[in-house]
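Residue strings, one per chain:
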Amino acid sequence: MTDKPDVERNIERLVEAAFNRDARLAASSRDATYRLLLADLRSRRGVEAFPERLLVLLTVIVVLLTAWLVARLGLGDFTASASPVLPLAAALVVINVAVVPVAALVVVIGRKHVEA
Amino acid sequence: MKAETEDLRLARQVAAGNEGALERFYALHADPLFAFILHRLDGSRPDAEDAWQETLMAALHGIGSYEGDSRLFTWLCGIARHKIADLRRRGARGESLASLGGRDLSALVDTGPLPEEIVMQRAVRSRVVEALGLLPPDYRAALIARYADHEAVGEVARRIGKGYKATESLLSRAKAALRVALDTLDADREPGSGVEATRGRVR
């Protein structure tokens, strides 16, 4: 007689003890944590998907436009007749500034929606 | 080696932001990881849930650094050990497993019927969970369904999409694989701690 039946029975008992009902996750915890991980994955993916070079380029453009507008304002020459590009530049800078809080709001609401 | 490659592929897909990969990763590892942490924390569920969630978050953030040197579940258990240590430092409840570790568990499995005292040790159970994490997913699922959930072989067969005989054969191979996995874990452990310390009193 070999000890194989004992070995097999031991393994079965160990599996039973290791994964008994007490060691199981509550479905609610399981689902909630998965949603958290998914939200985290999505938020990181959004950040990583945006090309860094484009981000730097956009930042440089907005900074240059703002500096140029401020310079025009300092010269007291802030009319469309002085430069036809002026209204366009002003509109771009204003839109850029206005979009920041809106984007923040969208991100916060989106995260709360995923976590709920 | 094949399984390790699959682990690495899965990790890279998760790191790349693949939601399907995250779902597979979670389906494969979330439950065993919780069981591992729960046993390491002596059954304290609130602490275990905290440590489990922190471990998964840390794993998700660091999964890009996983290089496939060990199995993915072993890597997760390593993170979990750090989180458990953090919990203990913060004063949370938790049993030190150093004197109960399952160093010679694989040998004990071979020596005859295991005493209930050993089977029910949290350290032993966490070791078994860790060893199960080394098995292919179908082996693990079949073992848990059959011996923890007490499903009939026919039910297990339906669950894994195999025939009755094939499932019996798979269960037999899975048990043998778990025995080897326990041996592997024993070999990786540091000397000087183990259930051999308790062997004398339970014999």
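Here the structure is a predicted model, which means the values were calculated and not measured. (Residues numbered from 1 in each chain as written. Chains lettered and ligands numbered in written order. Predicted model: local features only at pLDDT ≥ 70, side-chain atom pairs only at ≥ 80, totals over all residues. Heavy atoms only, no water.)

1. Comments concerning the overall build of chain A
Across its full length, chain A carries four helices and zero strands. Reading the helices (α) and strands (β) of chain A from amino to carboxyl end gives α-α-α-α. Within the span of chain A, comprising 116 residues, buried residues form 25% of the whole. In chain A, once contacts between residues fewer than 6 apart in sequence are set aside, the share between residues at least 24 apart is 42%. (Helix = DSSP H or I, 4+ residues; strand = E, 2+ residues; numbered from the N terminus. Buried < 20%, exposed > 50% of the residue type's maximum accessible area, 1.4 Å probe, protein only. Contact = heavy atoms within 4.5 Å.)

2. Observations concerning the overall build of chain B
The number of helices and strands found in chain B is eleven helices and zero strands. Starting at the N terminus, the α and β elements of chain B follow one another as α-α-α-α-α-α-α-α-α-α-α. Taken across its 203 residues, chain B has 51% of its residues classed as buried. Pairs at least 24 residues apart make up 69% of the contacts formed inside chain B by residues separated by at least 6 positions. For chain B, the exposed surface amounts to about 8,900 Å²; the carbon and sulfur share of it is 50%. (Areas by Shrake-Rupley, 256 points an atom, 1.4 Å probe, with all protein chains shown as cover.)

3. Digging into the nonpolar core
By size, the foremost hydrophobic cluster in this structure holds 75 residues, and its most contacted members are L14 of chain A together with L22, F25, I37, W52 and L143 of chain B. Broken down by element, the residue count for this core peaks at eleven residues, all from helix α2 (residues 19-40) of chain B. Sequence-distant contacts of L22 of chain B, defined by excluding residues within four places in its chain, comprise Y34, L37, L38 and L41 of chain A together with V14 and L60 of chain B. In terms of nonpolar packing, the next biggest core, distinct from the first, is built from five residues, L65, L69, L86 and A89 of chain A among them. (Core = buried A, V, L, I, M, F, W, Y, C linked by side-chain atoms within 4.5 Å.)

4. A word on the confidence of the model for chain B
All names here are of chain B. The share of residues in chain B with pLDDT of 70 or more is 84%, and the mean pLDDT across the chain is 82. For the stretch residues 192-203, pLDDT sits under 50, and the model shows 29 contacts to residues farther than four places along the chain or on other chains. Interface confidence for the predicted complex, given as ipTM, is 0.77, next to a pTM of 0.69. (pLDDT = per-residue confidence, 0-100.)

5. Focus on the side chain of T33 of chain A
Mapped onto the elements, T33 of chain A comes out in helix α2 (residues 27-49). Separated by 3.0 Å, the side chains of T33 of chain A and Q53 of chain B make a polar contact. Sequence-distant contacts of T33 of chain A, that is, excluding residues within four places in its chain, are made with Y26, W52, Q53 and L56 of chain B. (Polar contact = N/O pair within 3.5 Å; in protein donor to acceptor, adjacent residues only side chain to side chain.)

6. With respect to the packing of α2 of chain B against helix α7 (residues 122-132) of chain B
Residues and elements named next belong to chain B. Taken N-terminus to C-terminus, the directions of α2 and α7 make an angle of 160°; their axes are 8 Å apart at the nearest point. Of the possible angle classes, the one that applies to α2 and α7 is roughly antiparallel. Of the two possible hands of crossing, α2 and α7 adopt the one that is left-handed. Contacts between α2 and α7 pair P32, A35, F36, L38, H39 and R40 from the former with R122, R125, S126, V129 and E130 from the latter. Broken down by class, the residue content of the contact of α2 with α7 amounts to five nonpolar, two polar and four charged. (Axes fitted to C-alpha atoms, helices over the stretch in contact; angles between N-to-C directions. Parallel < 35°, antiparallel > 145°, perpendicular 65-115°, else oblique. Left-handed = near helix turned anticlockwise from the far one by under 90°. Nonpolar A, V, L, I, M, F, W, Y, C, P; charged D, E, K, R; others polar.)

7. Some points on the interface of chain A and chain B
The figure often quoted for interface size is the accessible area lost as the parts come together. Counting residues at the interface gives 34 residues for chain A and 51 residues for chain B. A per-residue breakdown of the area chain A buries against chain B is headed by L14, F19 and L37 of chain A, which together make up 17% of the total. Scanning the region where chain A abuts chain B turns up six salt bridges. The tally of links between chain A and chain B comes to 14 residue pairs in polar contact (both at pLDDT 80 or more). Elements represented by at least two residues in the side of chain A that touches chain B include exactly α1 (4-18) and α2 of chain A. At 13 residues, the largest contribution of residues to the side of chain A that touches chain B is made by α2 of chain A. Tallied by class, the residues present in the side of chain A that touches chain B amount to 15 nonpolar, four polar and 15 charged. (Buried area = accessible area lost by both parts, 1.4 Å probe. Salt bridge = Lys/Arg side-chain N within 4 Å of Asp/Glu carboxyl O.)

8. Details of the pattern of salt bridges
In the structure shown here, the tally under the stated rule is 14 salt bridges over all chains. The shortest N-O distance in the salt bridge between K175 of chain B and E12 of chain A comes to 2.6 Å. Taken together, the residues span two chains, with K175 of chain B in helix α10 (residues 164-188) and E12 of chain A in helix α1. Judged on exposure class, the residue K175 of chain B and its partner E12 of chain A are both buried. Between D42 of chain B and R122 of chain B there is a salt bridge, with the nearest N and O atoms lying 4.0 Å from each other. Of this pair, D42 of chain B sits in the loop between α2 and α3 (45-62) while R122 of chain B is found in helix α7, placing the two residues 80 residues apart along the sequence. The network of salt bridges with shared partners includes E8, R9 and E12 of chain A together with K175 of chain B.

9. Focus on the environment of I160 of chain B
All names here are of chain B. Topologically, I160 is positioned in helix α9 (residues 153-160). The spacing of I160 and D138 is 22 residues in sequence and 7.1 Å in space, taken between C-alpha atoms. Dropping the residues within four chain positions of it, I160 is found in contact with T167 and L170.

10. Topic: the packing of aromatic side chains
Within this structure, the stated rule accounts for four aromatic pairs over all chains. Aromatic side chains F34 of chain B and W52 of chain B sit 6.0 Å apart centroid to centroid with 85° between the ring planes, which places their arrangement in the edge-to-face category. Here F34 of chain B is found in helix α2, whereas its partner W52 of chain B is found in helix α3, with 18 residues between them in sequence. Following the ring pairs from residue to residue traces out a cluster consisting of Y34 of chain A together with Y26, F34 and W52 of chain B. Its end group placed over the ring of F73 of chain B, R140 of chain B keeps NZ or CZ at 5.9 Å from the ring centre. (Phe/Tyr/Trp six-rings, centres within 6.5 Å; stacked < 30°, edge-to-face > 60°. Lys NZ or Arg CZ within 6 Å of the ring centre and 35° of its normal.)

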